[in-house]
Amino acid sequence: MEIKGSTKIALVIGHPIAHSLSPIMHNEAFRRLKLDNCYIAIDIAPDGLAHFIKSLKFTNILGVNVTIPHKEAVIEYLDELSEEAIILRAVNTIKITKDGLIGYNTDVFGFEKCLEGIDIPKSSALIIGAGGAAKAVVYTLCKLNVNKLYITNRTEEKAQNLIRFVSNLFNRDVSLIPFDKWNTLEPLDIVVNATPIGMEGVGGTIDIPPSIITERTTVIDLIYNPPETEFLKKAKKIGAKTLNGLKMLVYQGATSFKIWTGIDPPVETMENAIKEYI
Ligand code: NAP
């Protein structure tokens, strides 16, 4: 990839940001399609966010991804939001147009890809966690009309807030399960870890009672590094289908790529670039 005067950049902003894998997958896609673009990560401290976002419309930047801790704070500086961004109050993609800045949330599309092949309206699901990722997961499952939904979180109040949000939005029942009472549940069709437990550098493992995971359960860990957490290893041993967070990461990125360029990205190339890197 040759960087020239004509090269347009895309970027991801966060604080910290050095761990981001987005440059790996986007640059490989640009290279593969021979586009005169490149992608970099920039650390923006919260105090600098307003200045940075307001200056975007005076630049030729291709597009911006937004990650922790700016996904919500960025909203007040944007001119327009997609439906998902309005509902989730979180933006991870910005498109810069001549009429202003448009915010999108592509995490929803990323997680939806993880559910392909599952009969969601006939499924029961337990979500572990109640942060930003869990919100996108719970929203997607309700949008697809999941049959039964359970949420559990270390801080119960945050789980209650998430339940209130989604119950009001979809006018449906969602059950709160205390963090140490998962064994009260029947076997489930879908179990999602939306916490950093088991992540590289965080460690720990989720002690899920074997009674709720069977051969018919799909267990999804949103973590992609390591590629197989202890939680996924345990689920696999029971015979469950397992999936890590790579697919969600790649498809949220692929959706951003399409929003900025209008071109279908080489998704497999993006996925392989990250697999190789990890
Ligand atoms: P977040 O908003 O900070 O939420 C973190 C959640 O994890 C909270 O519910 C928190 O519980 C819980 N938690 C954290 N540490 C815990 C611990 N030691 N024990 C029990 N619960 C704990 O973070 P997020 O953005 O939702 O991200 C959550 C995970 O999803 C991360 O591993 C992230 O890498 C992953 N993720 C993956 C993708 C992807 O594309 N694959 C996308 C987004 C996120 P409390 O409420 O009690 O603090």
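On a predicted model such as this, the values are computed, not experimentally measured, just so you know.

Visitor: Would you mind going over the side chain of His 70 with me for this structure?
Guide: Mapped onto the secondary structure, His 70 falls in the loop between β3 (63–66) and β4 (80–81). Of the residues examined, His 70 reaches a relative accessible area of 1% and is grouped as buried. When sequence neighbours within four positions are dropped, the list of residues in contact with His 70 reads Ile 13, Gly 14, His 15, Ile 44, Ala 45, Pro 46 and Leu 49.

Visitor: What should I look at first to understand the sheet that holds strand β11 (residues 218–221) in this one?
Guide: In any sheet, the strands associate via hydrogen bonds between backbone groups, in a parallel or an antiparallel arrangement. Reading across the sheet, the six strands line up as β9-β8-β7-β10-β11-β12 and stay open at both edges, with parallel pairing between neighbours. Here the strands that pair on one side only, and so sit at the sheet edges, are β9 (175–176) and β12 (241–243). Judged from the three bridges that link them, β11 and β12 form a sheet pairing that is parallel. For Thr 218, the partnering residue across the bridge sits in β12 and is Lys 241. Across the face of the sheet, helix α5 (residues 132–143) comes into contact with β7 (124–128), β8 (148–152) and β10 (190–193) while running at roughly 170° to β7.

Visitor: Before we go on, may I ask you to explain the site of the ligand in this structure?
Guide: Taken together, 22 residues surround the ligand, and among them Ala 130, Ala 133, Asn 153, Thr 155 and Gly 245 come closest. At 3.5 Å from an oxygen atom of the ligand is found a main-chain nitrogen or oxygen belonging to Gly 131. In this structure, an oxygen atom belonging to the ligand sits 2.8 Å away from a main-chain N or O atom of Ala 133. Protein contacts shield 76% of the accessible area of the ligand, which totals 920 Å² for the unbound molecule.

Parameters at a glance
Residues numbered from 1 in each chain as written. Predicted model: local features only at pLDDT ≥ 70, side-chain atom pairs only at ≥ 80, totals over all residues. Heavy atoms only, no water. Helix = DSSP H or I, 4+ residues; strand = E, 2+ residues; numbered from the N terminus. Buried < 20%, exposed > 50% of the residue type's maximum accessible area, 1.4 Å probe, protein only. Contact = heavy atoms within 4.5 Å. Pairing = 2+ DSSP bridges. Axes fitted to C-alpha atoms, helices over the stretch in contact; angles between N-to-C directions. Near = heavy atom within 4 Å. Polar contact = N/O pair within 3.5 Å; in protein donor to acceptor, adjacent residues only side chain to side chain. Areas by Shrake-Rupley, 256 points an atom, 1.4 Å probe, with all protein chains shown as cover.

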